Amino acid sequence: MTREHRIGRITHYYNKLGVATLDLEEPLKVGDRIHVEGRTTDLGQPVESIEIEHRSVPKAFPGDSAAVKVAGRVRPGDTVLLEEEEDEDAEWLEEDIAW
């Protein structure tokens, strides 16, 4: 099962480059899977590269303005969600704790 939580929002989209800039509220790293949602946007994809100030980085942190190549059109104000696989063992642990 997949769970999502907000990690930031889109601030700019560069159509010719297929790149979006994000204002991050939580860390993001290469290999993470993101989901961009908006009124007319619904795009899920893995993060293949991250740039900050035109330099490639493996990870970006809260407060960073990071550039990410995107597979489709996104819009300023769209929400960026991090997709995470839920650990089935964690569900059992939560149920045991509730008892």
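Going along each chain's sequence as written, the residues are numbered from 1 onward. The predicted nature of this model means local features are confined to residues of pLDDT at least 70 and side-chain atom pairs, given and counted, to a pLDDT of 80 or more, with totals for whole chains, interfaces and linings taken over all residues. Note that the side-chain values use all heavy atoms of the structure and ignore hydrogens as well as water.

**Q** Looking at this structure, how should I read unusual backbone geometry?
**A** For residues that are not glycine, phi is negative in most cases, and the peptide bond is trans in most cases. Residues other than glycine seldom take positive phi values, yet Glu53 does so here, at roughly 55 degrees. We count a stretch as a helix when DSSP gives it H or I for four or more residues in a row; a strand needs E for two or more, and each element gets its number in order from the N terminus. Looking at where Glu53 falls in the secondary structure, it is placed in the loop between β6 (50-52) and β7 (55-57). Here the phi dihedral of His54 falls at roughly 65 degrees; this positive angle occurs in a residue that is not glycine. If you trace the backbone, His54 turns up in the loop between β6 and β7. For His54, a relative accessible area of 75% gives the class exposed. Note on classification: 1.4 Å probe, protein chains only; a residue is buried when its accessible area is under 20% of the maximum for its type, exposed when over 50%, partly exposed between these limits.

**Q** Before we go on, may I ask you to explain the environment of Asn15 in this structure?
**A** Summarising the element assignment, Asn15 is placed in the loop between β1 (2-14) and β2 (19-24). Placed 58 residues apart in sequence, Asn15 and Arg73 show a C-alpha to C-alpha distance of 7.2 Å.

**Q** In this structure, what is going on with the sheet that holds β2? I would like to understand it.
**A** Two modes of strand pairing occur in sheets, parallel and antiparallel, and in both the strands are linked by backbone hydrogen bonds. Two strands pair if DSSP finds at least two bridges between them. The strand order across the open sheet formed by eight strands is β5-β4-β10-β1-β2-β9-β6-β7, and the pairing between neighbours is antiparallel. Two strands close off the open sheet at either side, each with one partner strand: β5 (42-46) and β7. Strand-to-strand twist in this sheet, taken as the mean axis angle between neighbours without regard to direction, amounts to 40 degrees. As paired strands, β1 and β2 are joined by six bridges and run antiparallel to one another. Across the sheet, residue Tyr14 finds its bridge partner in β2, namely Val19. Think of each axis as a best-fit line through the C-alpha atoms, taken over the contacting stretch in the case of a helix, with angles from 0 to 180 degrees between the N-to-C directions.

**Q** Whenever I open this one, the nonpolar core confuses me. Can you help?
**A** Across soluble globular proteins, nonpolar side chains have a tendency to be buried as a group. By size, the foremost hydrophobic cluster in this structure holds 19 residues, and its most contacted members are Leu22, Leu28 and Val74. Looking at this core, the elements with two or more residues in it are β1, β2, β4 (33-37), β9 (65-69) and β10 (79-85). Remark: nonpolar core denotes a set of buried residues (Ala, Val, Leu, Ile, Met, Phe, Trp, Tyr, Cys) joined through side-chain atoms within 4.5 Å.

**Q** Explain the environment of Glu4 to me, please; I cannot follow it from the model alone.
**A** If you trace the backbone, Glu4 turns up in strand β1. Residue contacts are counted whenever heavy atoms from the two residues lie within 4.5 Å of one another. The contact partners of Glu4, leaving out residues within four places of it in the chain, are His35, Leu81, Leu82 and Glu83. Here a polar contact means two N or O atoms within 3.5 Å. Within protein one must be a hydrogen donor candidate and the other an acceptor candidate, and residues neighboring in sequence count only if both atoms are side-chain atoms. Within the structure, the side chain of Glu4 is placed 2.7 Å from the side chain of His35, a separation counted as a polar contact.

**Q** In this structure, what is going on with the pairing of β10? I would like to understand it.
**A** The side chains of a regular strand alternate, residue by residue, between the two faces of the sheet. When β1 meets β10, the two strands line up antiparallel, connected through seven bridges. By the bridge assignment for β10, Arg9 is matched with Thr79. Note: β4 against β10, five bridges, orientation antiparallel. Residue pairing across strands places Ile34 opposite Leu82, the latter belonging to β10.

Geometric values such as these leave the question of function open.
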